[in-house]
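Spelled out from the first residue to the last, the chains are:
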Amino acid sequence: MTDHLNPQQKKAVEITEGPLLIFAGAGSGKTTVIIHRIVRLLNQGVSPFNILAVTFTNKAAQEMRNRVKQLAGPEGESVWISTFHAFASRVLRYDYEKSFTIYDEKDQLVAIKQALKKMGHDPKKVKPAMVRELIQNAKNSLIDPESFCLNAAAHSDKLRMSMGEVYQEYQRILENNGGLDFGDLIVETVNLFKNRPEVLEKYRERFEYIMVDEYQDTNYAQYVLIKLLAPPHNNICVVGDDDQSIYSWRGANVRNILDFEKTFKCKNTLKLEQNYRSTQSILTAAHNVIQNNLSRKSKKLWTDNPSGEKVKWNEFMTSREEARGVVKEIQRLIGMGYRPGDIAIFYRVNAQSRPFEDLLRYSGYNYKIVGGLRFYERKEIKDILAYMRVLMNPGDDISFERIINTPARGIGAKSLLTIKEAAATEKKSLFDMVISGSDHFSNAIEKKIQPLRELLLRLNETYETDDAAALAKDVIELSGYHRMLELDEDLTARSRLENIEELVSAFSEEENKLSSIDDILSEISLLTELDNMEENQEYITLMTVHLAKGLEFPVVFLTGLEEELFPYYDALSDPAQMEEERRLCYVGMTRAEKLLYLTNASQRMMYGQSKWHLPSRFIRESLGNKGQDTVAGDLEYVYD
DNA sequence: CTGTCGTTTATTTTT
DNA sequence: TAAACGACAG
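Okay, so let's go over this structure.

What counts, and at which threshold
The residue numbers shown here count from 1 along each chain, following its written sequence. The naming scheme follows written order: chains are lettered A onward, ligands numbered 1 onward. Local features in this predicted model are restricted to residues whose pLDDT is 70 or higher, and side-chain atom pairs enter the listing and the counts only when it is 80 or higher, whereas totals over whole chains, interfaces and linings include all residues. With hydrogens and water stripped out, all remaining heavy atoms of the structure feed into the side-chain values. Here, proximity means that at least one heavy atom of the residue falls within 4 Å of the molecule or strand. Throughout this entry, Asp, Glu, Lys and Arg are counted as charged residues, while Ala, Val, Leu, Ile, Met, Phe, Trp, Tyr, Cys and Pro are counted as nonpolar. The remaining residues, Gly among them, count as polar. A run of DSSP states H or I qualifies as a helix once it reaches four residues; a run of E qualifies as a strand once it reaches two. Both are numbered from the N-terminal end. Any two strands with at least two DSSP-identified bridges between them are counted as paired. Think of each axis as a best-fit line through the C-alpha atoms, taken over the contacting stretch in the case of a helix, with angles from 0 to 180 degrees between the N-to-C directions. The contact definition used throughout considers only heavy atoms, calling two residues in contact when any of these lie within 4.5 Å. When describing relative orientation, an angle under 35 degrees is termed roughly parallel and one over 145 degrees roughly antiparallel, while 65 to 115 degrees is termed roughly perpendicular and anything else oblique. The salt bridge definition used is simple: a Lys or Arg side-chain nitrogen within 4 Å of an Asp or Glu carboxyl oxygen. For every residue, the accessible area (1.4 Å probe, protein chains only) is compared with the maximum for its type, and the residue is labelled buried under 20%, exposed over 50%, or partly exposed between those bounds. Pairing of aromatic side chains requires ring centres within 6.5 Å, counting the rings of Phe and Tyr and the six-membered ring of Trp. Pairs whose planes differ by under 30 degrees are stacked, by over 60 edge-to-face, and all others tilted. Here, over-ring charges are defined by two tests on the NZ atom of lysine or the CZ atom of arginine: distance to the ring centre within 6 Å, and angle to the ring normal within 35 degrees. When two cysteine sulfur atoms are found within 2.5 Å, that pair is recorded as a disulfide.

### Considering the protein's contact with DNA strand C
Lining the immediate surroundings of DNA strand C are K113, R354, M605, Y607 and G608. A breakdown of the residues in the surface near DNA strand C according to their chemical character gives 2 nonpolar, 1 polar and 2 charged.

### Concerning unusual backbone geometry
Look at the link from P231 to P232: it is a cis peptide, with omega at 0 degrees. Examined against the element boundaries, P232 turns out to sit in the loop between α11 (220-229) and β7 (235-240). Cis geometry marks the peptide bond from F566 to P567, where omega comes out at 15 degrees. Non-glycine residue L142 carries a positive phi angle of around 55 degrees. As for its placement among the helices and strands, L142 is situated in the loop between α6 (128-140) and α7 (145-154).

### Concerning the sheet that holds β7
Strand-to-strand pairing in sheets goes through backbone hydrogen bonds, with the strands running parallel or antiparallel. Read from one edge to the other, the open sheet built from 6 strands follows the order β3-β2-β6-β7-β1-β8, with strand pairing classed as parallel. Pairing within the sheet leaves two strands with one partner each, and these edge strands are β3 (80-83) and β8 (268-272). Neighbour-to-neighbour, the strand axes of the sheet open up by a mean angle of 15 degrees, direction not taken into account. In terms of strand pairing, strand β2 (residues 51-55) meets β3 through 4 bridges, oriented parallel. Of the residues in β3, the one forming a bridge with T55 is T83. Seen against the sheet, helix α2 (residues 30-43) touches β1 (20-24), β2, β3, β6 (209-212), β7 and β8 and runs at an angle of roughly 170 degrees to β6.

### A short note on the packing of α6 against helix α8 (residues 158-177)
Relative to each other, α6 and α8 sit at 80 degrees, their axes nearing to 10 Å. On the basis of their axis angle, the class for α6 and α8 is roughly perpendicular. Taken together, the residues of α8 that come into contact with α6 (itself represented by V131, L134, I135, A138 and K139) are R160, M163, V166, Y167, Y170, Q171 and L174. Class assignment for the residues of the contact of α6 with α8 results in 9 nonpolar, 1 polar and 2 charged.

### Some details on the pairing of strand β15 (residues 609-612)
In this sheet, β15 lies alongside strand β14 (residues 592-606) in antiparallel orientation, the contact comprising 4 bridges. Following the sheet pairing, Q603 is matched in β15 by W612. Following β14, the chain reverses through 2 residues before pairing antiparallel with β15; Y607 in that reversal takes a positive phi of roughly 50 degrees.

### Looking at the pattern of salt bridges
Evaluation of the coordinates by the stated rule reveals 40 salt bridges. Between E214 and K30 there is a salt bridge whose closest N-O contact spans 3.2 Å. Placement of the pair is E214 in the loop between β6 and α11 and K30 in helix α2, with a sequence separation of 184 residues. Measuring nitrogen to oxygen at the nearest pair gives 2.9 Å for the salt bridge that ties E198 to R196. On the accessibility criterion, R196 (33% relative accessible area) is partly exposed. What emerges from the salt-bridge pattern is a single network uniting K30, D213, E214, D217 and K549.

### Some details on the packing of aromatic side chains
Scanning the model with the defined rule gives 16 aromatic pairs in all. Considering the side-chain rings of Y215 and F260, the 5.7 Å spacing of their centres and the 80 degrees angle between planes classify their relative orientation as edge-to-face. Remark: F260 occurs in helix α13 (residues 260-263) and Y215 occurs in the loop between β6 and α11; sequence separation between them is 45 residues. For the residue pair Y215 and F260, the accessibility class agrees, reading buried in each case. What links up through ring pairs into an aromatic cluster is the set W80, F87, F193, Y203 and F207. Taking the ring centre of F100 as reference, the NZ or CZ of R93 above it sits at 3.9 Å. In this structure, K227 packs its charged tip against the face of F264, placed 4.8 Å from the ring centre.

### Quick notes on the state of the cysteines
What the rule picks out here adds up to 0 disulfides. Note on C237: no disulfide assigned, nearest cysteine sulfur contributed by C266 at a separation of 9.0 Å.

Structure below.
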């Protein structure tokens, strides 16, 4: 069953005992290896209950689950395969706190604004988004508010000290609301393991075999989590590629993978260097680029694939011309028999998508932009979820504020303030305050909140008996949300209606997999794209290079390769950031199977001004050093 | 609550 | 440039 694996892959599958580090280059069959490891363990009689596999994205987890099930049968379904966050969420729900709400970035900002106000900051002077980043970074490094403050004090850093206070207040708000943000999920799980040895012991005993995918993307907190979990069995296998570490700005620490041998006393390190994806030309060009990074584990991908066509480089006058050139070439390729679904256009920043969109639409091609607003971030979805969260967790004032006047029931800022003040003095949640009412409420307020009170009581009853899908339906109907959208003349109302219907069906799909409504609610908020990028042959794909990681396309256009755009402006003076830009470029190039196009525009509008840009250094680098293999990696310069 | 006007600010965004 | 946000009027 492992016959088709190459020798290195076979080894990677067979070394099941002890720590194992696998450097898996782009397109080297990394996922296949992890899946075969799991299947092999199962075949050897290891119980699926004793295996844990952790990934970063839902998509990766999903794919892994499906393929394991395919190869190992129903037993494979019992293997615990999930994202870091879903893993943490379930552990917490099981061993710590049954009902908490997971706060996404928007919820975080609401709480941060509250915290800033409370600590006497002007939200205009101190940007909430910046504070969020600060807090998130701290959490990624397991720095709690107290240590944060102490550290700032030690450096007599006034600003950091006051930010530490905001961090502290933010945590207080979250706690009062029964909310955990993404970072907290990991932090609290680590704390749980540290404070309750018997709980840690239970999981340590259980997970005889642990696998971590995309290990180069782990942050410090996630590293500690894994480090805690690994003993006593220490059968910990991590897979990753330091050359594809492109999320350091999100806390990912590439040292985790580079130091794995030391930190886990790992004696087995393997490199998967045979690439099955790209032509030799593409690989050589990509290698020529990544080779310029100094801090990397030395490796070189090779392939049995034919050398294929040369990588092409086109230079254009403007971004408009660039788009015209790309679409013209797409036209030619489709004429040759390529499907739109074979083709992807990558760019460094989202703002670059515009000219491509315009021209593709004008030329009558179907395209889809990946990224942008995610499903669960949509207002209507958040509204419905807020109702459900409040029912699950009545202390969640942040969700309650969302729904108190949605749909409109005349409870404006003033009424809200009255209710909030009453809740504060009586030390009640907003939910309880509305249910119980108060003598201090004016008749007007009482009259307004009466229907809301009845609605909540009614929903609370159904909450006990409904499954998640039924509850969502009840919320949508009873709250008047459905009617509100139906009456809405706005063009977007129709699609918002469809979205909430999709939410209901997503709930019923989840129903089979997860038991309680609380589980489902939490897992839903961890889902990124419910409209999981259906693999449709009819659409040309447009996305940022970051989003392209893990994907592959027969034809790739890597656009906007200009100094100050790609590599991005900020990276020019910072060697570490420059290396990350280079890795990003490498990721983009190695997505291509057959054809790779590099393009740049010498003139581009940025911040409202047309600016001249030199071609990116990465273009030059892709040619490699003089005298070396000038055929395969050679760029074909196409004059326009 | 909704619309309008000025002000601000400009990566990347797995969860 | 333009989109997004907040303030304020109606």
